[in-house]
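Secondary and tertiary structure notes
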Amino acid sequence: MRSVSDDELYSVAGRYLGPPGHTIPWQARYSAYLVWAAYFVAGLIIRAQLRIFSGGGGYVVIAVGATVACVLTMRLVSPERSASAVAAMVWAELSAPRPGDGKTVCATLVPRHLVITEQRPRGGRRTVGPARGRRRRKRRGGRGDGGRGDSW
Amino acid sequence: MSGAYPKFDDGLPLLTHDRPLGDPHPSGPLPLPPDLRGPGPLPSDPLSSDPGPLSVPSALPRGRRIEPWEGLGADPALPEYQPGIALRGISGHIARTSTGMTAWYRLRPRPWSMRPDAECEALINSTGLALNALAGRWLHMRVLWRPFPAAAWARRHDQWAAPLPDQPNTPGWAQWLVACQREALVFPYAVKETYVGVEIHAGRRGVGRLADRLAGRGPRRLRTVLAKVAETEIAALDDEVTHLDRMMASSALGASPVSAAGMWTLLHRSCGLGLPASAATPTAPHGQWDSTDLAGPDSAARWSAEPYAPSIRVEGLDPTGRRVTRHVVIASLGQMGELDIPAVHLPWMHTADTLGAGIEWSARLRVLDSQHAARALRHVADRVDAQQRHYEIDHGLAAPPVLARQISRAAQVRDELETDHSGLSARCEGWWRLAISADTEQDALKVFSQLQDAYHPAIAIERGPAQYACAREFVPGEPLATTAFRRRMSVRHLAMALPQVTDIIGDDHGPLMFTTAGGRPVAWDPWAAIDHRQVSGLTPVIGNQGAGKTFLIGTLAYHAVRSAQAYVTLIDPSGPLTRLTQLPELAGHARAVSLMDSPAGTLNPYRVVPAPAREQYPDGAAGDAEYAYDAAAADAARTTLVTSVLTGLLPASIRRDGDNQAALLDAIGQVGPSPQGDPRDVVAALKQMADPGPRLAGAFAPILADHGPARLLLGHPEAGGWDATTDRLLVISTHGLTLPGDGTDPLDWTIDEQLSLALMHLTSWLAYRRVYRLPRQVPKLVGLDELRALSLLPSGRTLVTQFARDSRKFRVRALIAGQLASDVLRLGAHSGDTDSGLAGLCHDVLVGRTTGDTAQSEALRLLRVPTGVGYEHQLGQLSGAEDAAGAEIDPSAPTSEHPDTGASGGADAPRGWLWRSGELCELVYLDTSGPHLAGLRSVLDTNAARARECS
């Protein structure tokens, strides 16, 4: 029994060649432009905060820097790993616990936070919280259904 | 019998005889260290030198009202800390997080090995349909490994066994049982378990989520109320959960809701990812489960990772309190090419099992409903079309060829979705991660490299950053760490994964005879199938010289006597089986007799076919009829045997003469079928007959001499040791017989060869006679090592037929060893149709190394395995004595240890066997490893060169 996955179908790496009839000399993926823009904006913010690269040449430096960073970043981006996935993985690497930091991670199943029952509760179509009708009956002094829903 | 479960130095749970067997311990539990039990939360990190929160109890806030229950015996005041995992509660098999609920099921293991393609494809299709029924739900698949449940096996085996009395200066039954468990626990990844979590409710009600969040913070009364809120939320889903339970159980998945013990194991193994299963598995009895038991998983492991390291470190404590550090590499399933299952590839989630490295899986996936799938397909098809237009129309450039392939593939998928209504063309998406653990990072990366090779080139195995985040995906309830490495496929392609495929052959009790290719010990109760499935006990053992047939029969005989006090009769043509009787643990219950030294008349063909005893049959008319039938059958068999033996003793030129045959039959008829008959009576009758009777009697004169081997045929001896029914193990040595060679023309047989052949037949009948004389209900085992010789004469074929027919009634496991499967296939078969013979009656068949195309094809037919589809070469690759000898002689080989040391290698080198047992046929290896079987290995070692080295 032969079977093929849909991997090739979904591995589309769309490239922007320029406006119709005007082919630009490089073929970058659409996502590269977004990444470049993100780096560029970040560079502008850093420039403004640190007051560096003042003047018109500063924009050129930031643009070049963003281009270099974009090229390096796009080496990691592929149909298998989108730009957002790469960013998430970088953040995951930065936030992972380090050896010797003394923190207990992951396996902290604290009993007081984790409620365990051996049998799952069964019952009819109970709802969470008393129904409106039941609430009205209570106000009139009526009794509930006598089930577990009355206990709270 | 009694037993208990103390820990040994390595912390593994073993059954010994210090506590009653009735303790309600489930399989494979390990004692939880006392410091990890108790009602309260535990120190956050036992591995750290930091004393943890328990060491700095905080004072109550000033002005806070003291609750009545906060007096003596109240909970200690502890700093609160948030759980490190997303799981918020477990109710039965339902796990809930703040974002949803998941019902967990355990999939039924499925066999795959050596099955016809049609069965494999049917399993794939039915699994695909079962998965398609779960469309729209997120699934979390987990595959994990556990060591062999040795304690549970020991408990069942101990209840089943009737061991020999302990002998002085030898390990007793209790010590032997412990040694078996110790050996069975050597391999940590023996049992594969597959779990599936099925999303039952997307999202949570706000009040339920709030209740879970507050459950650990408020006062006790509030916590009780909040717990009921969450329970009420689950109870409202009762109908859906019940429907899901029924659907999962009735589908091809055969899934059952995970018990408390199962959830316990799943949580422990997930939180202690990569830790040895013995260190990450609790021991507490699982019959009752309350919240305080969760102190077990608390702080079970500490995970950490260096920036962009290829693995994460998992530190934990084993049950003895020793620090364990493991390195875990998380890999992801990458691009998948074309798969051809079952013809070329294994199920793609089963391929990793072949490495034997205990690789765990975690898969998050969902089957898309038709609208969702169509929308996704339309979206990607539009992107591809737009890209192609961008190249060709907007810029007049040639589009990359991949775009054309993608357009074609999109059209194909669209066509499948629109025209195929079987459900197998539905689409699914998901993420598959693999956890590879080892003691060092280098070892883990080495296994990762092997894994890539195992999947190459059909599937790419990728390793990326964010190892820690991806590892958390293995814990139930944790969210997806990254969308990288998303796989999209049809449900048929998904069903080809078959994560539940594993080896399942064997019984849950009985001696641990084999191990599977994956390392799982396999127990075999030789009489279980006979007793419970009412099948024949005839078991062909086929293999080339050196395949290990004698070793196998000797090992099974040893276990049968040692564990079950079975009555075992072995015919030993070469000597190793005779040495079994020298084992000290069998002393007083084993006897070896040499046929050549036996008294005259031992093999009198009239007496080796016993007359049935009436008292062995039930009372009444039915018993009378059965007795009369069997008595008549015995008379017929006796007459046939005498005719066959006496005819076989004559030279071929004489026995082929029609007049001579008629005269001999006439004389045998005159003597009658009485067990008191004697071949000399036949000769006397021939002398009284007309010609050619006297001439025939004269021909017998030099053959049936009162001296030499022929004396065994004449007269009636007194009962001797060889005939005793008190010995549990009786080995009859036929050393000294000269059997005709394979392919020798009967016309060229010498008188000595003819006589030897007859004596070999009668010795086999002697074994049959012993079976008849023993009580029906006692377990018996017969080992005949000369199938070829038995198949040469009609009486031999009759004997095998008798074993095939009567073994069930008399509880006999009859092992008949030979080199060619064709000898078995021809037995009882109609002319030319070997499929109609006795082979079809054999519930169990064992085939070892077999070479030669014809022999391999016939061996597969005997195994009821499809021929011509590539299984033949496996028979030639099975390990045999050559491997063992090579391993022994090579001084650099790691297995070249003396058998007494208990190390594997040499005589105990595993011999591979294909074992057909009922519906299952799997590769197993004979296992005689361990110091408790050193004596057995030593006596069964037939390698002369090794014996010389040892001496």
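Everything that follows concerns the structure shown earlier in this document.
The structure contained in this document is the topic of the report that follows. (Residues numbered from 1 in each chain as written. Chains lettered and ligands numbered in written order. Predicted model: local features only at pLDDT ≥ 70, side-chain atom pairs only at ≥ 80, totals over all residues. Heavy atoms only, no water.)

1. Section: the side chain of B:Thr515
All names here are of chain B. One can find Thr515 in strand β17 (residues 507-516). For Thr515, a relative accessible area of 16% translates into the label buried. If near-sequence neighbours (up to four positions away) are discounted, Thr515 is found in contact with Arg520, Pro521, Val522, Val924, Tyr925 and Asp927. (Helix = DSSP H or I, 4+ residues; strand = E, 2+ residues; numbered from the N terminus. Buried < 20%, exposed > 50% of the residue type's maximum accessible area, 1.4 Å probe, protein only. Contact = heavy atoms within 4.5 Å.)

2. Observations concerning the nonpolar core
Residues and elements named next belong to chain B. Grouped together as the largest cluster of nonpolar side chains are 86 residues, with contacts concentrated most on Leu649 and Phe700. Per-element tally for this core: the top contributor is helix α22 (residues 751-773), with twelve residues. Setting aside anything within four residues of it in sequence, one finds Leu649 in contact with Phe700, Ile703, Leu704, Leu713, Gln754, Leu755 and Ala758. Grouped together as the second largest cluster of nonpolar side chains are 66 residues, Tyr105, Leu107, Val198 and Ile200 included. (Core = buried A, V, L, I, M, F, W, Y, C linked by side-chain atoms within 4.5 Å.)

3. Comments concerning helix α20 (residues 679-688) of chain B
Residue and element names in this part refer to chain B. If you check which residues of α20 are buried, you get Pro679, Val682, Val683, Ala685 and Leu686. For α20, the angular spread of the buried residues around the axis is 160 degrees, confining them to a single face. Away from its buried face, by an angle of more than 90 degrees, α20 presents the exposed residues Lys687 and Gln688. For α20, the elements touching its buried residues are α16 (605-608), α17 (621-649), α19 (658-671) and α21 (693-700). Measuring from the side-chain oxygen of the N-cap residue of α20 to the backbone nitrogen of Arg680 gives 2.9 Å; that N-cap residue is Asp678. (Arc of directions from axis to C-beta. Polar contact = N/O pair within 3.5 Å; in protein donor to acceptor, adjacent residues only side chain to side chain.)

4. Some points on the environment of B:Met336
Mapped onto the elements of the fold, B:Met336 is located in strand β11 (residues 323-336). Its relative accessible area of 6% is what places B:Met336 among the buried residues. Separated by 131 residues in the primary sequence, B:Met336 and B:Arg205 have C-alpha atoms spaced 39 Å apart. Setting aside its immediate chain neighbours within four residues, B:Met336 contacts A:Ser5, A:Asp7, B:Trp348, B:Ala458, B:Ile459, B:Arg487, B:Met489 and B:His493.

5. Describing the side chain of B:Asn544
All names here are of chain B. If you trace the backbone, Asn544 turns up in the loop between β19 (538-542) and α14 (549-564). Exposure remark for Asn544: the relative accessible area of 16% places this residue in the buried category. A distance of 2.7 Å separates the side chain of Asn544 from the side chain of Thr851, its partner in a polar contact. Excluding residues within four positions of it along the chain, Asn544 makes contact with Lys549, Gln819, Arg849, Thr850 and Thr851.

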